[in-house]
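Chains, contacts and geometry: an overview
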Amino acid sequence: MSVEAKVGLLVLVALLLLGGFVFVLGGVELGDQYDLFVDFDNPGNVQPGAPVNVGSIRVGRVDSLEYRGGRLDPQTGRRPLVRVKLRIDREIQDTIHEDALFYVTSQSVLGESVIAIDPGNPEGPALEDGAVVEGVDPPRLDLALSMAYELLESLTSLFRENREELQSLLASAANLIRQADELLAENDGRLDNILANIERATEQTNTVLEGADGIVNGQQLRRTLRNVDRTLASVSSEIDPLLSGAREALSGANEALGTIGPEQREEIQSAISQAADLAEEANGAIADARAIVTHIREGRGTVGGFVMDEEIYDDVQELLRDLKHNPWKLFWRE
Amino acid sequence: MDRRDDLSSGAPRRVSVNERHAEYIEGRARLGSASLAEEGPSSDLNHARMSETSPFASDEAGFLAEFRQALKELVGVLRLGRQTLYYIMNGTREPGDIAEQMFAIGNRSMPFMVVTMAFIGAIIAYQTALQSSRLVPDLSMMGATFIKLLIRDLAASVGALPLATRVGAGIAAEIGSMVVTEQVDALRMSNADPVDYLVVPRFVASIIMGTVVLLIGGFVAFASGMFVANVAFDVNPHTFMNLSLITSGDLILGFLKCLTYGGAIALVSAQRGLSTFGGSEGVGRSTTEAVVGSCFSIIVLNLVISSIGYVVFPAL
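The paragraphs below set out a description of the structure included in this document. These figures come from a predicted structure and were not determined experimentally. (Residues numbered from 1 in each chain as written. Chains lettered and ligands numbered in written order. Predicted model: local features only at pLDDT ≥ 70, side-chain atom pairs only at ≥ 80, totals over all residues. Heavy atoms only, no water.)

Across its full length, chain A holds eight helices and seven strands. The 334 residues of chain A split such that 18% are buried. When contacts within chain A are restricted to residue pairs at least 6 apart in sequence, those whose partners lie at least 24 apart make up 58%. For chain A, the accessible surface area stands at approximately 25,000 Å², while carbon and sulfur atoms represent 58% of it. (Helix = DSSP H or I, 4+ residues; strand = E, 2+ residues; numbered from the N terminus. Buried < 20%, exposed > 50% of the residue type's maximum accessible area, 1.4 Å probe, protein only. Contact = heavy atoms within 4.5 Å. Areas by Shrake-Rupley, 256 points an atom, 1.4 Å probe, with all protein chains shown as cover.)

Below you can see the structure in the form of structure tokens.
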């Protein structure tokens, strides 16, 4: 082999290696693929070329990321910030359904960000080529850290500004715990008794509850409940005709009220006011009569004395008896 | 004719070895140490005199002289580069000259480079995994980082150093021997410029085959690194072969470094070879200086290109 051939062979090997590397690096996919578009507000560290996995199996790659800036998409009615274009193997198209979830995750703790697909309900329709779906944004660790930082800063300033109060509080708490400890140590025997009493009370309560359970599940209660049930059933059967009758009566009353004109209403109002006056006068008369009756009952006045004094009654009776035997006394005075 | 006029006209001035020798002796004499002809006890005496006048004067003068000498050599390399480019465009070469040099630089370097880069790849992968596992027990991204590092810098820069020792020493020794045996003067007498006849084929061959050798060496380093990661740290080869961090900027940067290092090794070594004087001892000195100068130029060029690459293709 000539020198030129040997050199050419070496250069060819290098070129093949370089070409193969660029081919692999470019992510050239030989199989048929289709596109899906996923909207994110924050796709994290996903870069073009990142893998797309279903169940940790690579089925495609991220083709590109487009910044849409929250503009309204008339097709979806959403305002995505970033739209990610995915190139996915055509052979799994019928396994990615409309309710599939697209979320950003990483291959390991410090690994590359990937887009993982949860395929969704197998009975749902498959996503079509060029479909636009909404992705699940990854958790914002930076925001969480920022908030945690603020919280820590607030706590630090709180502790720093209220150091004396906190020390006093801690001292008081320690004192309280110490006293509680001493109290418990001093009343050890009584506490045992209290606990025993509580245990006994619990047992009794259990017994009572068991008895109550027997009552609740007893024959009498069941019978009562059956009666109540029957009553309610009869009420329920009777309530409809009653309600219809009441409705009719109310409608009749409404009709009757509808026939009364304004003039009749004034007359009715004047009649009612006259009746009120009359009632007032009657009340006055009744009060007078009541006063007279009271007067009579108390035996005051002529009629009172005549009605209530028994002596007068006896005198009158004797007079009448005397007159019956001696009628002439009406005309003749002894 | 003034040298500047000579260069601006496009035809480089032909400098004989005797003239270069004279320039060298003149430069050493200006340092205040001694002329080459007077080296020996008198030189030590001069040093002693200077030390008596000022304890720091000799160091300062020595540093300035070294700096001036380095600048002169840099200018010499740049001038040689200009002449080389001129003769690439306008020169006439023997057919097969470049192919022979490509064979000598590329094919003959392959066994040495393959073994060296295999060891380098294995060592880098082992140390990377070892240090990483002490921080985070997750080596899933080790391959991606290793490949990025290899493509962006290490395959070219680390691989170019052993290449410089072999190729640079070869070029300097070959040209230096021709200079001390006055074959270069014979070329000039035959109206053949030594730059066109000796430097251009080596320069072109070094650029092409340096890139080829470093490319293949990079792949060997990657393969050995993958093997070590799998054997020593149980990293799956599929996991290791992760190209997700590689960008086109990394490839461009690595490729640019390969091309530049190949050219720098040839130019520095050829310049040292053409500056050879003093017989076989001079050839040895030129060879050593060629290797040192080539390695140094690779480090400096790495710094320059990496700095530019950091701005143009930032490593994400």
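That covers the picture; the talk isn't over yet.
Among the surface-exposed residues, Asp309, Glu310, Glu311, Asp314, Asp315 and Glu318 of chain A lie close enough to one another that they form a single negatively charged patch. Topologically, Asp314 of chain A is positioned in helix α8 (residues 310-325). (Patch = residues over 30% accessible without salt bridge, like charges linked within 9 Å, V, L, I, M, F, W, Y side chains within 5 Å. Salt bridge = Lys/Arg side-chain N within 4 Å of Asp/Glu carboxyl O. Lys, Arg positive; Asp, Glu negative; His and termini not counted. Charge placed at Lys NZ, Arg CZ, Asp CG, Glu CD.)

So, about the pairing of strand β1 (residues 33-40) of chain A. Residues and elements named next belong to chain A. Counting buried residues in β1 gives seven out of eight residues, a clear majority hidden from the surface. Sheet topology places β1 next to strand β4 (residues 82-89); eight bridges connect them, and they run antiparallel. From the neighbouring strand, Asp39 faces β4, where its bridge partner is Arg83. Two strands pair when backbone bridges link them, and β1 and strand β7 (residues 131-134) are joined in this way by four bridges, in the parallel orientation. Its bridge partner being in β7, Val38 is matched across the sheet by Val133. (Pairing = 2+ DSSP bridges.)

Once that is clear, we can look at the interface of chain B and chain A. Contacts between chain B and chain A engage 24 residues on the former and 19 residues on the latter. Buried surface at the junction of chain B and chain A, summed over both partners, amounts to about 1,900 Å²; 84% is from carbon and sulfur atoms. Taken together, the connections running from chain B to chain A amount to zero salt bridges. Across the contact surface, chain B and chain A share one residue pair in polar contact (both at pLDDT 80 or more). It is helix α9 (residues 194-233) of chain B that contributes the most residues to the side of chain B that touches chain A, five residues altogether. (Buried area = accessible area lost by both parts, 1.4 Å probe. Polar contact = N/O pair within 3.5 Å; in protein donor to acceptor, adjacent residues only side chain to side chain.)

Residues and elements named next belong to chain B. Contact geometry for helix α5 (residues 97-105) and α9: axes closest at 8 Å, N-to-C directions at 45 degrees. If you check the angle between α5 and α9, you find them oblique. Pair α5 / α9 crosses with right-handed handedness. From α5, Asp97, Ile98, Gln101, Met102 and Ile105 reach across to α9, where they touch Tyr197, Pro201, Arg202, Val204, Ala205, Ser206, Ile208, Met209 and Val213. Per-class residue counts for the contact of α5 with α9 are 10 nonpolar, two polar and two charged. (Axes fitted to C-alpha atoms, helices over the stretch in contact; angles between N-to-C directions. Parallel < 35°, antiparallel > 145°, perpendicular 65-115°, else oblique. Left-handed = near helix turned anticlockwise from the far one by under 90°. Nonpolar A, V, L, I, M, F, W, Y, C, P; charged D, E, K, R; others polar.)

Time to look at unusual backbone geometry. A positive phi angle is found at Ser56 of chain A, which is not glycine, with a value near 65 degrees. Its place among the elements puts Ser56 of chain A in the loop between β2 (51-54) and β3 (57-67). A positive phi angle, close to 60 degrees, is found at Asn191 of chain B, a residue other than glycine. With respect to the element layout, Asn191 of chain B can be found in the loop between α8 (183-189) and α9.

Now for the nonpolar core. Ranked by internal contacts, the top residues of the largest apolar core, which has 73 residues, are Met142, Met209 and Phe240 of chain B. Counting residues per element, this core draws most heavily on α9 of chain B, which supplies 19 residues. In this structure, this core is formed jointly by two domains, domain 1 (16-90) and domain 2 (97-312) of chain B, each of which donates at least three residues. Core analysis: the second largest hydrophobic core is formed by 24 residues, Leu36, Val59, Val84 and Ile92 of chain A among them. (Core = buried A, V, L, I, M, F, W, Y, C linked by side-chain atoms within 4.5 Å. Domains from an automatic or database assignment.)

Attention shifts here to a nonpolar patch on the surface. Residue and element names in this part refer to chain B. Among the surface-exposed residues, Phe296, Val300, Val304, Ile308, Tyr310, Val311 and Val312 lie close enough to one another that they form a single nonpolar patch of about 730 Å² accessible area. Structurally, the position occupied by Val300 is in helix α12 (residues 279-312). The partly exposed category is assigned to Val300, whose relative accessible area is 36%.

Let's shift gears to the sheet that holds β2 of chain A. Residue and element names in this part refer to chain A. Judged by pairing direction, the sheet is mixed, and its seven strands sit side by side in the order β5-β6-β2-β3-β4-β1-β7 without closing on themselves. Unpaired on one side and paired on the other, β5 (101-106) and β7 mark the two borders of the sheet. Taking each pair of neighbouring strands and ignoring which way they run, the sheet shows an average axis angle of 35 degrees. Across four bridges, the pairing between β2 and β3 is antiparallel. The partner of Asn53 across the bridge, within β3, is Arg58.

Turning our attention to the packing of aromatic side chains. All names here are of chain B. Inspection of every chain in the model, using the stated rule, returns six aromatic pairs over all chains. Ring geometry for Tyr126 versus Phe233: centroids 5.5 Å apart, planes at 50 degrees, classification tilted. One end of the pair, Tyr126, is in helix α6 (residues 110-135); the other, Phe233, is in helix α9, and 107 residues separate them in sequence. In textbook terms, an aromatic cluster arises when at least three aromatic residues are bridged by ring pairs, as seen for Phe146, Phe222 and Phe240. Across from the ring centre of Phe277, 4.9 Å away, lies the NZ or CZ of Arg285, which sits over that ring. (Phe/Tyr/Trp six-rings, centres within 6.5 Å; stacked < 30°, edge-to-face > 60°. Lys NZ or Arg CZ within 6 Å of the ring centre and 35° of its normal.)

Let us look at the packing of helix α7 (residues 142-180) of chain B against α12 of chain B. Residues and elements named next belong to chain B. Packing of α7 against α12 brings their axes to within 8 Å, and their N-to-C directions diverge by 150 degrees. With respect to each other, α7 and α12 are oriented roughly antiparallel. Viewed along their axes, α7 and α12 form a crossing whose handedness is right-handed. Its residues assigned to classes, the contact of α7 with α12 comprises 14 nonpolar, 12 polar and two charged.

In short, shape yes, function no, at least from these values alone.
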